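# Summary of the model geometry
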Amino acid sequence: MEQQSKSMVFRLQVAGYKRYMKLLKLAARVIPMPKPTLFTGSGSSLELCEAMALMGTQRVLIVTDSVLIKLGLLEAIQARLTDNHVEYVIYDGVLPDPSYTQVESGLALYRSHDCDAILAVGGGSPIDAAKVIAARVTNHRKIKKLTGLFRVWKAPAPLFAIPTTAGTGSEVTIAAVVSDPVTHKKTPLIDPKLVPMMASLDASLMTGLPPHVTSATGMDALTHAVEAYISMNASADTDAYAIAATRLIMQNLSKVVSDGTDIEARHNMAMASYYAGLAFTKASLGYVHAISHNLGAKYGIPHGLANAIVLPYVLDYSKAEIVPRLAELSRACGFGADGDTEEALAQCFIEHIQGMLKEYGIASQLDQLKLEDVPELAGAALKEAHFNYPVPKYMDQDQCETLIRQMLVA
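Residues numbered from 1 in each chain as written. Predicted model: local features only at pLDDT ≥ 70, side-chain atom pairs only at ≥ 80, totals over all residues. Heavy atoms only, no water.

In any sheet, the strands associate via hydrogen bonds between backbone groups, in a parallel or an antiparallel arrangement. If you walk across this open sheet you meet the three strands as β5-β8-β7, and the pairing is mixed. In this open sheet, the two strands that pair with only one neighbour each are β5 (148-149) and β7 (175-179). Where β5 and strand β8 (residues 186-190) come together, two bridges link them in parallel fashion. Among the inter-strand pairings, Gly-148 is bridged to a residue of β8, identified as Leu-189. (Pairing = 2+ DSSP bridges. Helix = DSSP H or I, 4+ residues; strand = E, 2+ residues; numbered from the N terminus.)

What follows is the structure, encoded as structure tokens:
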């Protein structure tokens, strides 16, 4: 009797979630989603610097991380800004999973040097931190007051982005994720005003990425594309971007993992990440991100790596509801054989992802995961997913715990 009652309550909850997701889908269609002016190709990061100068930028805060500074990756960018009479100050205190504290430190530097624009250079963490710094420049409220949907009321400071990884797509998305330093919970800011004015996809800045970073960030982009494609809020335009991203990743990720200097493959991966960002900005994400966000918050697991591990489990759980969609992705990538059923093609797509993880040395289980943490992780993941993501097949607490337990090391 108790189980029947729980089942009835869950069905009613799911009905409510689905109605809410339909409202979000309508909002995504009605609210304009800006795209950055895009510069592409080797050396395009320097073109972006020149464009910033033409727009009247006089003093820019460069938001990055210390590793990129030590590698000398910003030297040409700094020189081009100087050549164009743009002064700059560097904030390189951004760490993986940036916190409110790091944002406030960057903001203080922006204000103390009287900057008039922000240039983010790096992976998802510097770009997300830069987005929130830009929002804080004009919105004089604590970061917690800016988290959630459409709470960045005033246009942020002028923001430009140069991604150095092909994974997050943050240069084109309306979201930024920063962590509360007290609770260590990841808190998203979601607002179209967070999209940078301009972005550069310069593959020449990505050739030095080590294989493990290349594979993890590439799997992050793949997760964005796949979750957007199987989303209940997918549309014709998001499908086109998601298919393009998936094809490019399947054709190029292994190339750049084995040879990081392959500039053409690096460029294709940068475009794939950008397309995937466009896809999920409108179609949204799903349980993979909900679970991986909480694994990252709990154990400090890099986001792309967590997505890579979780993705096959969630696809397998949802497979009954998404066979036609997975089959379409499989065909688009040239997987399977003539005459294969849709079920066979869908399974082929999942198995191909599992094969990629083996190829890249990514384990299917997590050493950090503890059995006693599973209920808390599941509860937090469901809370995130059910109020943000239009998933194709809902899961309750027990089902989510069962899925996460599959990642325990035997």
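Moving on, we come to the packing of aromatic side chains. In total, this model carries three aromatic pairs according to the counting rule given. Ring centres of Phe-335 and Phe-349 lie 6.3 Å apart, and the angle between their planes is 40°; on these two criteria the pair is classed as tilted. Taken as a pair, Phe-335 in the loop between α12 (303-332) and α13 (342-359) and Phe-349 in helix α13 lie far apart in primary sequence, 14 residues in all. When its relative accessible area of 0% is taken as the criterion, Phe-349 is described as buried. One aromatic cluster is present, built from ring pairs that chain together Tyr-241, Tyr-274 and Tyr-275. Over the ring of Tyr-229 we find Arg-325; its NZ or CZ atom is 3.8 Å from the centre of that ring. It is Lys-393 that lies over the ring of Tyr-317; its NZ or CZ is 4.4 Å from the centre. (Phe/Tyr/Trp six-rings, centres within 6.5 Å; stacked < 30°, edge-to-face > 60°. Buried < 20%, exposed > 50% of the residue type's maximum accessible area, 1.4 Å probe, protein only. Lys NZ or Arg CZ within 6 Å of the ring centre and 35° of its normal.)

Take helix α8 (residues 211-230) next. With 20 residues, α8 extends 28 Å from end C-alpha to end C-alpha; this agrees with the ideal 28 Å at 1.5 Å per step. Most of α8 is tucked away: 17 of the 20 residues are buried. (Expected span 1.5 Å × (residues − 1).)

Relative to the assigned elements, Leu-315 resides in helix α12. In the structure, Leu-315 is positioned 27 residues away from Val-288 in sequence and 8.7 Å away in space, judged by C-alpha atoms. For Leu-315, the contacting residues outside a window of four places in its chain are Val-226, Ile-230, Ile-322, Leu-326, Ile-350 and Ile-353. (Contact = heavy atoms within 4.5 Å.)

Turning our eyes to something else, we now look at unusual backbone geometry. Residue His-85 is not a glycine yet carries a positive backbone phi of 65°. In this structure, Phe-150 is a non-glycine residue whose phi angle is positive, near 55°. Looking at the element boundaries, Phe-150 is found in the loop between β5 and β6 (159-163). Here Phe-150 falls in the partly exposed class, since its relative accessible area comes to 34%.

Read across the sheet, six strands follow the order β1-β9-β6-β4-β2-β3 without closing on themselves; strand pairing throughout is parallel. The sheet is open, and its two edges are formed by β1 (37-40) and β3 (87-91), each paired on a single side. Across the sheet, the mean angle separating the axes of adjacent strands is 20° when strand polarity is ignored. Its contacts with the sheet put helix α6 (residues 124-138) on β2 (59-63), β4 (117-122) and β6, and the angle it makes with β4 is roughly 165°. (Axes fitted to C-alpha atoms, helices over the stretch in contact; angles between N-to-C directions.)

Let us look at the state of the cysteines. Two cysteines whose sulfur atoms are joined by a covalent bond form what is called a disulfide. One pass over the structure, following the stated rule, counts zero disulfides. In this structure Cys-115 is a free cysteine whose sulfur lies 15 Å from that of Cys-49, the closest cysteine sulfur available. Residue class for Cys-115 comes out buried when judged on its relative accessible area of 8%. Sulfur of Cys-333: no disulfide; nearest cysteine sulfur belongs to Cys-348 and is 9.7 Å away. With a relative accessible area of 18%, Cys-333 lands in the buried category. (Disulfide = S-S within 2.5 Å.)

A few words now on the side chain of Thr-187. With respect to the helices and strands, Thr-187 occurs in strand β8. On the basis of relative accessibility, which here comes to 16%, the residue Thr-187 falls in the buried class. A polar atom in the side chain of Thr-187 sits 2.9 Å from the side chain of Tyr-100. For Thr-187, the contacting residues outside a window of four places in its chain are Tyr-100, Thr-147, Ala-176, Val-177 and Val-178. (Polar contact = N/O pair within 3.5 Å; in protein donor to acceptor, adjacent residues only side chain to side chain.)

Buried together is how nonpolar side chains tend to be arranged in soluble globular proteins. Counting residues in hydrophobic clusters, the biggest one holds 82 residues, and the most contacted among them are Ile-291, Leu-295, Leu-369 and Met-407. Per element, the largest residue contribution to this core is 13 residues, and it comes from α12. Discounting chain neighbours no more than four positions away, the residues touching Leu-295 are Gly-300, Ile-301, Val-310, Leu-366, Leu-369, Leu-377 and Met-407. Grouped together as the second largest cluster of nonpolar side chains are 31 residues, Val-63, Tyr-100, Cys-115 and Ala-134 included. (Core = buried A, V, L, I, M, F, W, Y, C linked by side-chain atoms within 4.5 Å.)

Here we take up the layout of surface pockets. Looking at the second largest pocket, its volume works out to about 290 Å³. Around the second largest pocket sit 13 residues that line it, and Lys-6, Phe-10, Gln-13, Asp-396 and Gln-397 are the ones nearest its centre. Listing elements by their share of the lining of the second largest pocket, those giving two or more residues are α1 (2-30), α14 (374-386) and α15 (397-405). Among the elements that line the lining of the second largest pocket, the one with the most residues is α1, at seven residues. Taken together, the residues that form the lining of the second largest pocket break down as four nonpolar, six polar and three charged. (1 Å grid on protein atoms, 1.4 Å probe; cavity = no way out; pocket = protein on both sides within 12 Å on 5 of 7 lines; lining within 4 Å. Points joined across faces, edges and corners; volume = space filled by probe spheres on them. Nonpolar A, V, L, I, M, F, W, Y, C, P; charged D, E, K, R; others polar.)

Structural measurements only, silent on function.
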